[in-house]
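What follows is each chain in one-letter form.
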Amino acid sequence: MIWNPSEGINIGSFTIRYYSLMFVIAFGLGWYIMKRIFEKENEPIEKLDTLFIWTVVATLLGARLGHVFFYDWEYYRNNLLEILLPFKFSPNFEFTGFQGLASHGAAIAIIIAMYFYSRKVIKKPILWVLDRVVIPVASGAIFVRIGNFFNSEIVGKITDSPFGVRFVRDYYSTAEVVNITKISNVNDAYHALVTDQKYAALLEKVPAKHPAQLYEAFAYVFVFLILFFLYWRTKTAEKHGLLFGYFLILLWSVRFFVEYVKESQGGIEETFGLLSTGQWLSIPFILVGIYYLFVAEKPVDEL
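Right, let's walk through the structure included here. (Residues numbered from 1 in each chain as written. Predicted model: local features only at pLDDT ≥ 70, side-chain atom pairs only at ≥ 80, totals over all residues. Heavy atoms only, no water.)

**Some details on the sheet that holds strand 7 (residues 208-209)**
Applicable threshold: Pairing between strands requires that DSSP locate at least two bridges from one strand to the other. Every helix listed is a DSSP run of H or I at least four residues long, and every strand listed is a run of E at least two residues long, numbered separately from the N terminus.
Pairing within the open sheet is mixed, and its three strands lie in the order 1-6-7. Pairing within the sheet leaves two strands with one partner each, and these edge strands are strand 1 (2-3) and strand 7. Alignment of strand 6 (residues 165-167) against strand 7, held across two bridges, turns out to be antiparallel. Note on strand 7: the bridge partner recorded for Val165 is Lys209.

**Thoughts on unusual backbone geometry**
Rules: Exposure categories follow from relative accessible area, calculated using a 1.4 Å probe and restricted to protein chains: below 20% of the type maximum is buried, above 50% is exposed, and the middle band is partly exposed.
At Asn42, a position not held by glycine, the phi torsion is positive, near 60 degrees. With respect to the secondary-structure elements, Asn42 resides in the loop between helix 1 (18-40) and helix 2 (46-71). A positive phi angle, close to 55 degrees, is found at Ser152, a residue other than glycine. The exposure class assigned to Ser152 is buried, which follows from its relative accessible area of 5%.

**Some words on the packing of aromatic side chains**
Operational definition: Between rings of Phe, Tyr and Trp, where Trp is taken as its six-membered ring, a pair exists when centres lie within 6.5 Å; planes separated by under 30 degrees are stacked, by over 60 edge-to-face, and by other angles tilted. Cation placement over rings: the criterion is NZ of Lys or CZ of Arg within 6 Å of the ring centroid and within 35° of the ring normal.
In this structure the tally under the stated criterion is 20 aromatic pairs. Judged by centre distance (4.4 Å) and plane angle (25 degrees), the ring pair of Trp3 and Phe149 falls under stacked. Taken together, the positions of Trp3 in strand 1 and Phe149 in helix 5 (residues 126-150) put the pair 146 residues apart, joining distant regions of the chain. For Trp3, a relative accessible area of 14% translates into the label buried. Look at Phe224 and Phe228: their rings are 5.6 Å apart centre to centre, the planes differ by 45 degrees, and that puts the pair in the tilted class. Here Phe228 and Phe224 lie together in helix 10 (residues 212-233), a separation of four residues that amounts to about one turn. Relative accessible area serves as the criterion here: at 33%, Phe228 is assigned to the partly exposed category. Grouping aromatic residues by their ring pairs yields a cluster made of Trp3, Tyr18, Phe149, Phe150 and Phe167. Above the face of the Trp232 ring, Arg36 is positioned so that its terminal group lies 5.4 Å from the ring centre.

**So, the environment of Thr181**
Just so we agree on the cut-off: Contact between two residues is taken to exist if any of their heavy atoms lie within 4.5 Å; hydrogens are not considered. Side-chain atoms alone can form a polar contact between residues adjacent in sequence; in general such a contact is a pair of N or O atoms within 3.5 Å, and within protein one must be able to donate a hydrogen while the other accepts it.
With respect to the helices and strands, the residue Thr181 is situated in helix 7 (residues 174-181). Separated by 83 residues in the primary sequence, Thr181 and Ser264 place their C-alpha atoms 29 Å from one another. Setting aside its immediate chain neighbours within four residues, Thr181 contacts Ala189 and Tyr199. A polar contact is formed between the side chain of Thr181 and the backbone oxygen of Val177, at a distance of 2.8 Å.

**Some points on the pattern of salt bridges**
So the rule is basically this: The term salt bridge refers to a side-chain nitrogen of Lys or Arg lying within 4 Å of a carboxyl oxygen of Asp or Glu.
As enumerated under the stated definition, the model contains ten salt bridges in all. Linking Glu43 and Lys124 is a salt bridge whose minimum nitrogen-to-oxygen distance equals 3.4 Å. In this pair, Glu43 sits in the loop between helix 1 and helix 2 while Lys124 sits in the loop between helix 4 (103-122) and helix 5, placing the two residues 81 residues apart along the sequence. Under the relative-accessibility criterion, Glu43 is labelled buried at 14%. With a closest N to O distance of 2.5 Å, Lys209 and Glu263 form a salt bridge. Pair noted here: Lys209 is in strand 7 and Glu263 is in the loop between helix 11 (242-258) and helix 12 (269-272), with a separation of 54 residues, a long-range link. For Lys209, a relative accessible area of 6% translates into the label buried.

**Brief notes about the environment of Gly28**
Mapped onto the secondary structure, Gly28 falls in helix 1. Separated by 24 residues in the primary sequence, Gly28 and Phe52 have C-alpha atoms spaced 9.4 Å apart.

**So, helix 10**
The periodicity of an α-helix, 3.6 residues per turn, causes residues three or four places apart in sequence to face the same way. Under the convention used in this document: Expected helix span is taken as 1.5 Å per residue step, with the number of steps being one fewer than the number of residues.
Between its first and last C-alpha, helix 10 extends 31 Å over 22 residues, near the 32 Å set by a 1.5 Å rise per residue. Summarising the contacts, the buried residues of helix 10 are in contact with helix 1, helix 5, strand 6 and helix 11.

**A short note on the side chain of Thr236**
By secondary structure assignment, the location of Thr236 is in the loop between helix 10 and helix 11. One polar contact links Thr236 to Thr234, side chain to side chain, over a distance of 2.7 Å. In contact with Thr236, other than residues within four places in its own chain, are Leu230, Leu242, Leu243 and Tyr246.

**A word on the nonpolar core**
Operational definition: Only buried residues count toward a nonpolar core. Its members are Ala, Val, Leu, Ile, Met, Phe, Trp, Tyr and Cys residues joined through side-chain atoms within 4.5 Å.
Among the nonpolar cores identified, the biggest contains 47 residues, and Met114, Ile135, Leu227, Phe247 and Trp252 are the most heavily contacted of them. Of all the elements in the fold, those that place two or more residues in this core are helix 1, helix 2, helix 4, helix 5, helix 10, helix 11 and helix 13 (277-295). Here the element with the most residues in this core is helix 5; it accounts for ten residues. Beyond its immediate stretch of four places on either side in the chain, Ile135 contacts Ile33, Ile37, Phe224, Leu227, Phe228 and Tyr231. Core analysis: the next-biggest nonpolar cluster, separate from the first, contains ten residues, Val177, Tyr190, Ala192 and Leu203 among them.

And the structure:
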């Protein structure tokens, strides 16, 4: 399969990028799920607006800082302005958007945000909040990985399996494809590379790789369904921390094992070796999840 999607949906001169659209769907669905949960728990819906805003900010800021510090600090330590600004200043000034988001950073930031939300807004234990917010977070993870697939990023290792995908935009950068085809419009240049027979030899060089993003998204569907079932059909949520523990174990175990077919993304693995950066960062989350399986219990006033 040759994968060469356009950047997004064109509406006149405006383009809705698929990656951004996936984030909108993730946050929108997450809001709806939490609304249903708040209604079930008889919590004021107006408190949901604060939760939504805090979660969006924590997700984006945490994911950005996670990428900076876990994966690419050697670069950003010398380019501090680029951490929170969507520009590249060297060697030439260029608008780049925010290139690089890390889910581990987002997870840490969301937990911190939920701590303050639990104390300042909803006035409930943080584990009560986390047990519920992990359900929309799990659903959101599905769409984020689909967005990565559209962006041809976080690709897998080379494979000869029938599931292999040839990520044209991963193999040839925008500068390379424009230089090869002499077509200034990037989307047109990629389209020509894929469809014009005179570039057949260049297209043939693109190797098939595991669509690791889709593997991960598919597995997250089951993580979401399991958490959804446990909350709505069982009494699991009555024990504070239990759903949160299941979430940490399930989601980060998926991440740990999918890393085996992903290309290296650099980061702390260059120092520690043996495992990938994503695997090293997933282990603490899994261990915390196991801890909560053993200590989760009903609050005293519910016994």
